[in-house]
Amino acid sequence: MEDIRLDKYLWAVRIFKTRSDAADAIRNNKVTVNDAYAKPSREVKIGDRIAVRKMQVTYSYKVVDLVSSRQPAKNVPQFCLNITPQEELDKLNVPRETIFVMRDRGTGRPTKKERRELDSLMDNICYEEEDF
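One structure accompanies this document, and this report is about it. Position numbers for residues start from 1 in each chain and track the written sequence from start to end. Residues qualify for local features only when their pLDDT is at least 70, as the model is predicted, and side-chain atom pairs are given and counted only at 80 or more; totals for whole chains, interfaces and linings, by contrast, use all residues. No hydrogens and no water enter the side-chain calculation; it runs on all heavy atoms of the structure.

## Focus on the overall build of the protein
Inference 1: Counting from the N terminus, the helices are the DSSP runs of H or I reaching at least four residues and the strands are the DSSP runs of E reaching at least two. A count of helical and extended segments in the protein gives five helices and seven strands.
Inference 2: Scanning the protein from its N terminus toward the C terminus, one meets helices and strands in the order β-α-α-β-β-β-β-β-β-α-α-α.
Inference 3: The 132 residues of the protein split such that 28% are buried.
Inference 4: Pairs of residues are marked as contacts when any of their non-hydrogen atoms sit within 4.5 Å. Across the protein, every contact between residues at least 6 apart in sequence was considered, and the portion connecting residues at least 24 apart equals 46%. Relative accessibility under 20% of the residue-type maximum defines a buried residue, over 50% an exposed one, and the middle range a partly exposed one, all with a 1.4 Å probe and only protein chains included.

## Quick look at the nonpolar core
Inference 1: Counting residues in hydrophobic clusters, the biggest one holds 26 residues, and the most contacted among them are L6, Y9, L10, V31 and I50.
Inference 2: Looking at this core, the elements with two or more residues in it are α1 (6–12), α2 (19–27), β2 (31–33), β5 (49–54) and β6 (57–63).
Inference 3: V31 has contacts with L6, L10, F16, A25, I26, Y37, A38, I50, A51 and V52, leaving out every residue within four places of it along the chain. Take the buried Ala, Val, Leu, Ile, Met, Phe, Trp, Tyr and Cys residues and link them wherever side-chain atoms come within 4.5 Å; each set so joined is a nonpolar core.

## Digging into the sheet that holds β5
Inference 1: The five strands are arranged β3-β2-β5-β6-β7 in an open sheet whose pairing can be described as antiparallel. The open sheet has two free edges, formed respectively by β3 (36–37) and β7 (80–82), since each of these has just one partner strand.
Inference 2: Where β2 lies against β5, three bridges are found, and the strand directions are antiparallel. In the strand pairing of β5, V31 is matched with V52. Two strands make a pair as long as DSSP finds a minimum of two bridges between them.

## Notes on the pattern of salt bridges
Inference 1: The rule for a salt bridge is simple: a side-chain nitrogen of Lys or Arg has to be within 4 Å of a carboxyl oxygen of Asp or Glu. Within the structure shown, the criterion is met by seven salt bridges.
Inference 2: Linking D7 and R5 is a salt bridge whose minimum nitrogen-to-oxygen distance equals 3.1 Å.
Inference 3: Sharing partners across several salt bridges, the network here consists of R5, D7 and R19.

## Regarding the packing of aromatic side chains
Inference 1: Two rings from Phe, Tyr or Trp (for Trp, the six-membered ring) form a pair when their centres sit within 6.5 Å of each other. Planes less than 30 degrees apart are called stacked, planes more than 60 degrees apart edge-to-face, and all others tilted. For the structure on display, the rule yields zero aromatic pairs.
Inference 2: Geometrically, a lysine NZ or arginine CZ counts as sitting over a ring once it is within 6 Å of the ring centre and also within 35 degrees of the ring normal. Its end group placed over the ring of F16, K54 keeps NZ or CZ at 4.9 Å from the ring centre.

## Points about the side chain of T84
Inference 1: Secondary-structure assignment places T84 in the loop between β7 and α3 (86–90).
Inference 2: Definition of a polar contact: a pair of N or O atoms within 3.5 Å, with one able to donate and the other able to accept a hydrogen when the atoms are protein atoms, and with sequence-neighbouring residues admitted only if both atoms are side-chain atoms. Side chain to side chain, T84 and N82 meet in a polar contact 2.6 Å long.
Inference 3: Residues contacting T84, with those up to four places away along its chain left out, are T58, Y59, S60 and L89.

## Some thoughts on the pairing of β6
Inference 1: By the criterion of burial, β6 is predominantly enclosed, with five of the seven residues buried.
Inference 2: Here six bridges tie β5 to β6, and the two strands are oriented antiparallel to one another. Of the residues in β6, the one forming a bridge with R49 is K62.
Inference 3: Connecting β5 to the antiparallel partner β6 that follows it, the hairpin turn spans two residues, and M55 within it adopts a positive phi of roughly 55 degrees.
Inference 4: Alignment of β6 against β7, held across three bridges, turns out to be antiparallel. By the bridge assignment for β7, K62 is matched with L81.

Take a look at the structure:
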């Protein structure tokens, strides 16, 4: 099979929902191929390492085989291997573990005053984490 465009490959292996989303992420330097920024038209080769930054996590993938059409989720491992380190995946759980506000069952939604207090508490927690 001939080489395939990076944006089309990322869409075909379901890393992005649409090809235009993939192209936008590549243009905004959220995707690297072999530790170098690329253009959406860059051709992907077998063995390339692709890093995709989504929110605070950088997912890493290795190209196993080339594919041009969108694949069902069960077939994706045949074409793309997820090699994301566990430390990166742990970043997804950090907000749930550190920020939790307990409300009694049946108290309903917070009032405006309670909402302001919650927001100021959250701001303080976020600023303290950035100081480290």
